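Examining the three-dimensional arrangement
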Amino acid sequence: MASSRAILCIHGSGSSPLIFGFQLSSFRAAWKDEFDFVYATAPHISDAGPEVLPFFKGVEPYFTWFRDEAEPTKEKVAAFNASIRETTDNWAKTNPQSRIVGVLGFSQGALAATVLLWQQQMGRVPWLPKLDFGVLICSGFNYAATQFMRDGSRSTEEGDEDAILIRVPTVHLHGRQDWAHKYSKKMLATHYSPKHATVIEFEGQHECPRKLEVIRKVTEHIATYSKGEVNEIIG
């Protein structure tokens, strides 16, 4: 059943839309009547990322959003934007009845989603469909990306630190056994307004949660956003 709403899905580093679709199988099953899933492909070929092997061996190519090469962050973001714009433009042309209303990112994809939400808030991506919410799973953190956002906020009246706080309603899924848990918490503290962010912790490692109880909590908070702000940590 086609939906009138869609979610932009941003895979992790060393992954692909095919792999991410499998990782999100529980979300797709739970939301099959609520959202269409729109998968973006990162611009750079890469080695397999964390937790990709050995399960996804043989399903190359793998892609990454931001390479480790000595490349200005501005150029890295430009390449990322180009990939996202190609995805959203193609979706709008082929599925005009289904509007992208949110973003869902995993690992490096959650970092990329953070940059995207900040750019939307700053009015830098007028081509992007309005994202009403974000779901960030096991997010990474990158100092260069944070500095990019600080540099881009210097001309605002709010000041650097306030201007890099994202005020779009978001749900942050943190695996308690995730090796990147500390980075997820740092991303949350650095870039998300406490009034607009909800944290849901789950028993798991660096992975997309599969338990329906966790997904139900996410669903409830997305539905709640139309009624008011949410600010809590859920175990």
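In this report, we go over the structure that sits alongside the text. (Residues numbered from 1 in each chain as written. Predicted model: local features only at pLDDT ≥ 70, side-chain atom pairs only at ≥ 80, totals over all residues. Heavy atoms only, no water.)

1. Here's the deal with the overall build of the protein chain
- Scanning the protein chain for helices and strands turns up 8 helices and 9 strands.
- Against the 2.2 N^0.38 benchmark of 18 Å for 235 residues, the protein chain shows a C-alpha radius of gyration of 17 Å, consistent with a compact globule.
- For the C-alpha atoms alone, the extent of the protein chain along its principal axes is close to 45 × 40 × 40 Å.
- When each of the 235 residues of the protein chain is scored for burial, the buried share is 54%.
- The contacts in the protein chain between residues at least 6 apart in sequence include a share of 79% that link residues at least 24 apart.
- Put simply, the protein chain shows about 11,100 Å² of open surface, and 52% of that area lies on carbon and sulfur atoms. (Helix = DSSP H or I, 4+ residues; strand = E, 2+ residues; numbered from the N terminus. Rg over C-alpha atoms; globule rule 2.2 N^0.38 Å. Buried < 20%, exposed > 50% of the residue type's maximum accessible area, 1.4 Å probe, protein only. Contact = heavy atoms within 4.5 Å. Areas by Shrake-Rupley, 256 points an atom, 1.4 Å probe, with all protein chains shown as cover.)

2. Side note on the environment of S107
- Relative to the helices and strands, S107 resides in the loop between β5 (99-106) and α4 (108-121).
- Judged by its relative accessible area of 11%, S107 is buried.
- For the pair formed by S107 and D47, sequence separation is 60 residues and the distance between their alpha carbons is 15 Å.

3. Focus: the packing of aromatic side chains
- Enumeration according to the criterion identifies 11 aromatic pairs in this entry.
- Measuring from centroid to centroid gives 6.3 Å for W31 and F37, while their planes differ by 20 degrees, and the two rings are stacked. In terms of burial, W31 and F37 fall into one category: buried.
- Geometry around F141 places K186 over its ring, the cationic atom sitting 5.3 Å from the centre. (Phe/Tyr/Trp six-rings, centres within 6.5 Å; stacked < 30°, edge-to-face > 60°. Lys NZ or Arg CZ within 6 Å of the ring centre and 35° of its normal.)

4. Examining the state of the cysteines
- One pass over the full model with this rule turns up 0 disulfides.
- We note that C9 lacks a disulfide partner, and the nearest cysteine sulfur, in C208, lies 9.6 Å from it.
- Residue C9 is classed as buried on the basis of its relative accessible area of 0%.
- Free cysteine: C208, not disulfide-bonded; nearest cysteine sulfur from C138 at 7.2 Å. (Disulfide = S-S within 2.5 Å.)

5. Looking at the packing of helix α3 (residues 73-94) against α4
- Direction vectors running N to C along α3 and α4 enclose 85 degrees, while the axes themselves pass 11 Å from each other. The orientation of α3 with respect to α4, classified from their angle, is roughly perpendicular. Side by side, α3 and α4 meet where V77, F80, N81 and I84 of the first sit next to A112, V115, L116 and Q119 of the second.
- Its residues placed into classes, the contact of α3 with α4 shows 6 nonpolar, 2 polar and no charged. (Axes fitted to C-alpha atoms, helices over the stretch in contact; angles between N-to-C directions. Parallel < 35°, antiparallel > 145°, perpendicular 65-115°, else oblique. Nonpolar A, V, L, I, M, F, W, Y, C, P; charged D, E, K, R; others polar.)

6. Here we look at the nonpolar core
- In this structure, L8, I10, W65, F80, I84, L116 and Y192 are the most contacted members of the largest nonpolar core, which totals 40 residues.
- Sorting the residues of this core by element identifies β1 (5-10), β2 (36-40), α3, β5, α4, α5 (143-152), α7 (181-191) and β8 (197-202) as the ones contributing at least two each.
- Looking at this core element by element, the count peaks at 8 residues for α4.
- Leave out the neighbours within four places in its chain, and L116 touches L8, I10, F80, N81, I84, L128 and L131. (Core = buried A, V, L, I, M, F, W, Y, C linked by side-chain atoms within 4.5 Å.)

7. Regarding helix α8 (residues 212-224)
- Look at α8: 18 Å from first C-alpha to last across 13 residues, which is about the 18 Å you get at 1.5 Å a residue.
- Among the residues of α8, those classed as buried are V214, I215, K217, V218, H221 and I222. Along α8, the residues classed as buried sweep out an arc of 155 degrees about the axis, all on the same side. (Expected span 1.5 Å × (residues − 1). Arc of directions from axis to C-beta.)

8. A word on the pattern of salt bridges
- Within the structure shown, the criterion is met by 10 salt bridges.
- For D33, the salt bridge identified is with K32, shortest N-O distance 3.4 Å.
- Across the pair R210 and E207 runs a salt bridge, and its minimum N-O distance is 3.2 Å.
- Beyond isolated ion pairs, a larger network of salt bridges with shared partners links R99, K130 and D132. (Salt bridge = Lys/Arg side-chain N within 4 Å of Asp/Glu carboxyl O.)

So yeah, pure geometry; function would need other evidence.
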